[in-house]
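Listed here are the chains, written in short residue letters.
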Amino acid sequence: MRDLVRKVEGTTPAGRDRAVDALRALAIGGVVLGHWLVSALVVESGSVRVASPLRDMPYLAPVSWVLQTMALFFLVGGQVTARSHASARACGVGYVRWLRVRMARLLRPVTAVVAVWSAVAVVMLALGADLKSVQALAKLVWSPLWFLLVYAGLTAVTPLVARLHPAWPLAVVALVDLVRFGWGGPEWVGWVNLAAGWLVPYCLGAAWARDRLNERTTGWALLTCGAGVAALLIMWAGYPASMVGVPGAHISNQSPPTLVAAVFGLAQCGAALLLRDPLRRVLARPTVWAFVALANLSAMTIFLWHQTAMIAVTTLGLLADRPLIGLHTVPDEPSWVLARLAWLPAFALALAVCWGAFHAYERVRPPAPRVQAEEAQAQS
């Protein structure tokens, strides 16, 4: 372990901003932990359905304020991608070549999870599994992939949006919500926010790449104003308190993103900016930095396979021949939450097995030394 720590420390460029990697790791960790805590597979009458403890225990909504960390991911994504594109231009790398490398790093790991789960679904149906159960499991695995499509789209238009002020996409989100909820417009209009909502933190990240967010007053303004506006909208405008979707709820703050999700994301971005200096001090310790660096090298594998790990443990639990609390039972009381927390180490172990099997798909070599240099400078 000491040799590994020394190797990671020795190969880290001197100018690398370790806080960026720490924020990316926190974002992925929040998504994984959040899904493991709010996605329950309930086995009833031989079929499986997905339930959420937030439906029967709405007082747990504040948990989603901590674990819904997608805004952090898009903040870091905007910072890294904008720097990557600027570095590529400085090195004489064309847009098409740069984008091809970025897309390969992003999308290649997806092929493995899609292929595996396509085969699993076919086998389950061939063995007589209930169609609704297969759909529930496949949706649980594939639905998080929406973010990759959005992120890929934002990556492709980075040259156009890198200098866009975040207020513009935020205004679009507000207008769309006004049309949906204030003027009774069609529901499909809300899907405009799937791009506009996440463009807000992405543009903030691009501004960070241009050294525009260095003042601590900016972080405090984003944190206080974002949190304050979100609280007012929840209390007075009828938005749900949960920052994740709840089965059966009339409105979801995430599918598609609402104004509450956008302004709360600004608050999270403000907190992230305020944490940069403390994170840099902590990550100066080689052991801590080695852990964060290794987690970032496997970020896509962790994100793509964490739901499979939970499903695998839940399926193995069926061998007990009785419903296990925290795995197969309805999440409607605090005892379920305590039991689910006890199952988290098993989920983590299953995820480690998935990592061992599929992390190689995350290794993509750039096609030319110039692109490799550009990627290293951009902290990919």
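Model, not experiment: these values are computed from the prediction. (Residues numbered from 1 in each chain as written. Predicted model: local features only at pLDDT ≥ 70, side-chain atom pairs only at ≥ 80, totals over all residues. Heavy atoms only, no water.)

(A) Quick look at the overall build of the chain. Counting secondary structure elements, the chain contains 17 helices and two strands. Relative to the 2.2 N^0.38 estimate, which gives 21 Å for 380 residues, the radius of gyration of the chain is 21 Å and therefore close to what a compact globule would have. Sequence-distant contacts in the chain: of pairs separated by 6 or more residues, those separated by 24 or more amount to 79%. Both charge centroids of the chain, one from 31 positive and one from 18 negative side chains, sit 10 Å from each other. (Helix = DSSP H or I, 4+ residues; strand = E, 2+ residues; numbered from the N terminus. Rg over C-alpha atoms; globule rule 2.2 N^0.38 Å. Contact = heavy atoms within 4.5 Å. Lys, Arg positive; Asp, Glu negative; His and termini not counted. Charge placed at Lys NZ, Arg CZ, Asp CG, Glu CD.)

(B) The arrangement of the pairing of strand β2 (residues 47-51) in detail. Where strand β1 (residues 40-44) lies against β2, five bridges are found, and the strand directions are antiparallel. Within β2, the residue paired with Leu41 across the bridge is Val50. (Pairing = 2+ DSSP bridges.)

(C) Focus on the packing of helix α6 (residues 95-126) against helix α8 (residues 146-156). It is the contact of α6 with α8, at a shortest axis distance of 10 Å, that shows an interaxial angle of 170 degrees. By the criterion of interaxial angle, the relationship of α6 to α8 is roughly antiparallel. Taken together, the residues of α8 that come into contact with α6 (itself represented by Tyr95, Trp98, Leu99, Arg102, Met103, Leu106 and Val110) are Leu148, Tyr151, Ala152, Thr155 and Ala156. Classifying every residue of the contact of α6 with α8 by side-chain character gives 10 nonpolar, one polar and one charged. (Axes fitted to C-alpha atoms, helices over the stretch in contact; angles between N-to-C directions. Parallel < 35°, antiparallel > 145°, perpendicular 65-115°, else oblique. Nonpolar A, V, L, I, M, F, W, Y, C, P; charged D, E, K, R; others polar.)

(D) Layout of the packing of aromatic side chains. Under the defined criterion, the tally for this structure stands at 16 aromatic pairs. On the numbers, 4.7 Å between centres and 70 degrees between planes, the contact of Phe147 with Phe303 is edge-to-face. Here Phe147 is found in helix α8, whereas its partner Phe303 is found in helix α15 (residues 299-317), with 156 residues between them in sequence. Across the pair, Phe303 and Phe147 agree in class, each one buried. An angle of 5 degrees between the planes, with centres 4.0 Å apart, marks the rings of Trp305 and Phe358 as stacked. Placement of the pair is Trp305 in helix α15 and Phe358 in helix α16 (residues 334-358), with a sequence separation of 53 residues. For the pair Trp305 and Phe358, a shared accessibility class is recorded, and that class is buried. Counting every residue linked through ring pairs, the aromatic cluster contains Phe73, Phe74, Trp146, Phe147, Tyr151, Trp198, Tyr202 and Phe303. When the ring centre of Trp208 is taken as origin, the NZ or CZ atom of Arg276, which lies over that ring, is 5.2 Å away. (Phe/Tyr/Trp six-rings, centres within 6.5 Å; stacked < 30°, edge-to-face > 60°. Buried < 20%, exposed > 50% of the residue type's maximum accessible area, 1.4 Å probe, protein only. Lys NZ or Arg CZ within 6 Å of the ring centre and 35° of its normal.)

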